[in-house]
Amino acid sequence: MAHEHKLEIFRGLLKFKSNTQKIWGVLIFLSIVTAIEVVLGIYKPAFLVENSFLDMKLLNWIFIVLTLVKAYYITWDFMHMRDEKSSLRRAVVWTPIFLVSYLIFILLFEATYVFDVFRDGFLAWDF
Amino acid sequence: MDTTVTSESGENVWGGGNRPLGASYGKLMMWFFIVSDALTFSGFLAAYGFSRFKFIETWPIADEVFTHVPFFHGNFPMIYVAFMTFILIMSSVTMVLAVDAGHNMKQNKVILYLFLTIIGGAIFVGSQAWEWATFIKGDFGALETKGGRVLQFVNAETGERAAIADFSKTLPEDRVKHMSSEGVWYQEEGYKTSFSLNEVVEGFKANPGILIRTEKINEQGEKTVLDRKESLNRLKDAVRVVEGANLVRNEYGSRLFADFFFFITGFHGFHVFSGVVFNIIIFFNVILGTYERRGHYEMVEKVGLYWHFVDLVWVFVFTFFYLV
């Protein structure tokens, strides 16, 4: 087993003395991120809702980025991906990222097209 | 084969026993399972995204659907789901502490932390069951039109949602149950709503303070409320009363919304449930000293990987189902 743990997060900005301490540190970080998400979700600041980037509200972009940040720390520190060999890391991480990005792109693109057909086509569905 | 290929370290590559990825067989297979399971969940969530983008102007707003907290009355959007997320992250922490204690061969600590993990998982599954029950029961009730659109009601003065029980008239009518002797077709009847369509329609006509809210989302990101005249006009399209949710129709809006809710959270809840079962099995093994005799606690680590994965999936479900 990999007995040595890498004890620094945020690219060495924060160093912990022991693995247990690192776990609690990551928990605090994840809790803060979740709290930010919930507060934003309840209050929905106007400028984040009104402005959008690539056809999606800024608020939703923030949610997605924060989710990926959480996913990173869960995988890297709770699942100890940080301590695995880079070959294992790449095999496990890049495979889904590549496939899922492709799936999302193709499905959302298609869905937008279907939406346009429903809206502009001669098709009654709101009756 | 002994003489064919050797790795740089001089080990025999074909004879087995070497670990190019530096992880044991069991751990590696758990990682591969996690990759395939992640793809399954991504498929579900991407399908949810597809359906949502397809009906982007009429999709239900999650904030307005999940507003309940057990033992409290009132409107608390997101609070309970946030609590569930926190419980799951907490149980992930106790799990990683159990793994850490396992590395240091501290049996009693592993027992304690695994126990706490199991409790966390049980609270989460229980919360999810409660969420389902609340979702199925519904709260305001709605009408459904011939085209399958859902018409909800709001109070014109306060702008708040109105439940059909608030304004419906109780009419002296008997509901005739459909019997096989009375028709060519006989279909099993589903649930019976607390008010008939006629009672809701008459009650609506008698209460000028009630307006209809359609599924359509306006530019402010809110559901469109019709004025009284439009509402009365729209009411003619209604064909049935809907209370709560099932796989065919639901009072919250698009039918697909309830289907995806049941499917995605159900599949995730089943994962959590299996995770709890695995944890219990390992928990007893730890108590019996199986891993103490084996000399390492790698099994705790493998189950831990699965448990963290379940947490990871929830992080995504939370974002894409409840937040975005």
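Because the structure is a prediction, the values reported are computed rather than measured.

(A) Structural detail: the side chain of Ser 168 of chain B. Residue and element names in this part refer to chain B. Within the secondary structure layout, Ser 168 lies in the loop between α5 (164-167) and α6 (197-206). The buried category is assigned to Ser 168, whose relative accessible area is 13%. Of the polar contacts made by the side chain of Ser 168, one reaches the backbone oxygen of Ile 164; its length is 2.7 Å. Aside from chain neighbours lying at most four places away, what touches Ser 168 is Phe 195, Glu 199, Val 200 and Gly 203.

(B) Region of the structure containing the packing of aromatic side chains. All names here are of chain B. Under the definition given, this model contains 44 aromatic pairs over all chains. Judged by centre distance (6.3 Å) and plane angle (55°), the rings of Phe 135 and Phe 257 are tilted. With Phe 135 in helix α4 (residues 107-137) and Phe 257 in helix α8 (residues 255-288), this residue pair connects regions lying 122 residues apart in the sequence. No difference in accessibility class separates Phe 135 from Phe 257, as the two residues are buried. For the pair Phe 283 and Phe 284, a centre-to-centre distance of 5.6 Å together with 65° between the ring planes defines the contact as edge-to-face. For Phe 283, a relative accessible area of 12% gives the class buried. The ring of Phe 204 is capped by Arg 228, whose NZ or CZ atom sits 4.6 Å from the centre of that ring.

(C) Structural view of the sheet that holds strand β4 (residues 223-225) of chain B. Residues and elements named next belong to chain B. A sheet is described by the order of its strands in space; here five strands give the open sequence β4-β3-β2-β1-β5, paired in antiparallel fashion. Strands with a single pairing partner mark the edges of an open sheet, and in this sheet they are β4 and β5 (238-242). For this sheet, the mean inter-axis angle between neighbouring strands, taken without regard to orientation, is 40°. Two elements, strand β3 (residues 210-217) and β4, share two bridges in a ladder whose sense is antiparallel. By the bridge assignment for β4, Arg 213 is matched with Val 225.

(D) Main features of the nonpolar core. Residue and element names in this part refer to chain B. Within the largest apolar cluster, 97 residues are counted, with the highest numbers of intra-cluster contacts made by Phe 66, Phe 135, Phe 257, Val 286, Trp 314, Phe 321 and Tyr 322. The greatest single-element share of this core, amounting to 16 residues, is contributed by helix α10 (residues 298-323). The contacts of Trp 314, once residues within four sequence positions are left out, are Val 81, Met 84, Thr 85, Leu 88, Phe 124, Gln 128, His 268 and Tyr 322. Grouped together as the second largest cluster of nonpolar side chains are 16 residues, Leu 143, Phe 195, Val 201 and Ile 210 included.

About the criteria used
- Residues numbered from 1 in each chain as written.
- Chains lettered and ligands numbered in written order.
- Predicted model: local features only at pLDDT ≥ 70, side-chain atom pairs only at ≥ 80, totals over all residues.
- Heavy atoms only, no water.
- Helix = DSSP H or I, 4+ residues; strand = E, 2+ residues; numbered from the N terminus.
- Buried < 20%, exposed > 50% of the residue type's maximum accessible area, 1.4 Å probe, protein only.
- Polar contact = N/O pair within 3.5 Å; in protein donor to acceptor, adjacent residues only side chain to side chain.
- Contact = heavy atoms within 4.5 Å.
- Phe/Tyr/Trp six-rings, centres within 6.5 Å; stacked < 30°, edge-to-face > 60°.
- Lys NZ or Arg CZ within 6 Å of the ring centre and 35° of its normal.
- Pairing = 2+ DSSP bridges.
- Axes fitted to C-alpha atoms, helices over the stretch in contact; angles between N-to-C directions.
- Core = buried A, V, L, I, M, F, W, Y, C linked by side-chain atoms within 4.5 Å.

Function cannot be read off these values alone, since they describe shape.
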